[in-house]
Amino acid sequence: MMRLLFYCLIFVLAIFIGLWIKVDPGYVLIAYRHWTVETPLWFFVIISVMVLFILHYGLSLWDKIENLIARWRYRRHWI
């Protein structure tokens, strides 16, 4: 029952956020030297979250690869 209530709350919250974005979408303007990028705020937020997830999992994968190499060298030393 609590799970259903939680999903309904998330659904209602998503509807309100969607309506709010429709009324006032906002925009982000990024300027660097002679380059400018203008995008809606919601698109910038989604891209930013995706970049953060990719960086997090990429760094996690890099750490696992380094640990794998270190363990392989340690085991190879004792063989």
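Because the structure is predicted, anything quoted here is derived from the model rather than measured.

Draft legend 1. Focus on unusual backbone geometry. One non-glycine residue, Arg-33, lies in the positive phi region at around 50 degrees. Summarising the element assignment, Arg-33 is placed in the loop between β1 (27-32) and β2 (35-40). Residue Arg-33 is classed as exposed on the basis of its relative accessible area, which comes to 73%.

Draft legend 2. Fine view of the packing of aromatic side chains. Under the criterion given, the structure shown has three aromatic pairs. Centroid distance Phe-6 to Tyr-7: 6.1 Å. Interplanar angle 50 degrees. Geometry classified as tilted. Ring geometry for Trp-42 versus Phe-43: centroids 6.0 Å apart, planes at 85 degrees, classification edge-to-face. The exposure class of Phe-43 is partly exposed, given its relative accessible area of 40%.

Conventions used here
Residues numbered from 1 in each chain as written. Predicted model: local features only at pLDDT ≥ 70, side-chain atom pairs only at ≥ 80, totals over all residues. Heavy atoms only, no water. Helix = DSSP H or I, 4+ residues; strand = E, 2+ residues; numbered from the N terminus. Buried < 20%, exposed > 50% of the residue type's maximum accessible area, 1.4 Å probe, protein only. Phe/Tyr/Trp six-rings, centres within 6.5 Å; stacked < 30°, edge-to-face > 60°.

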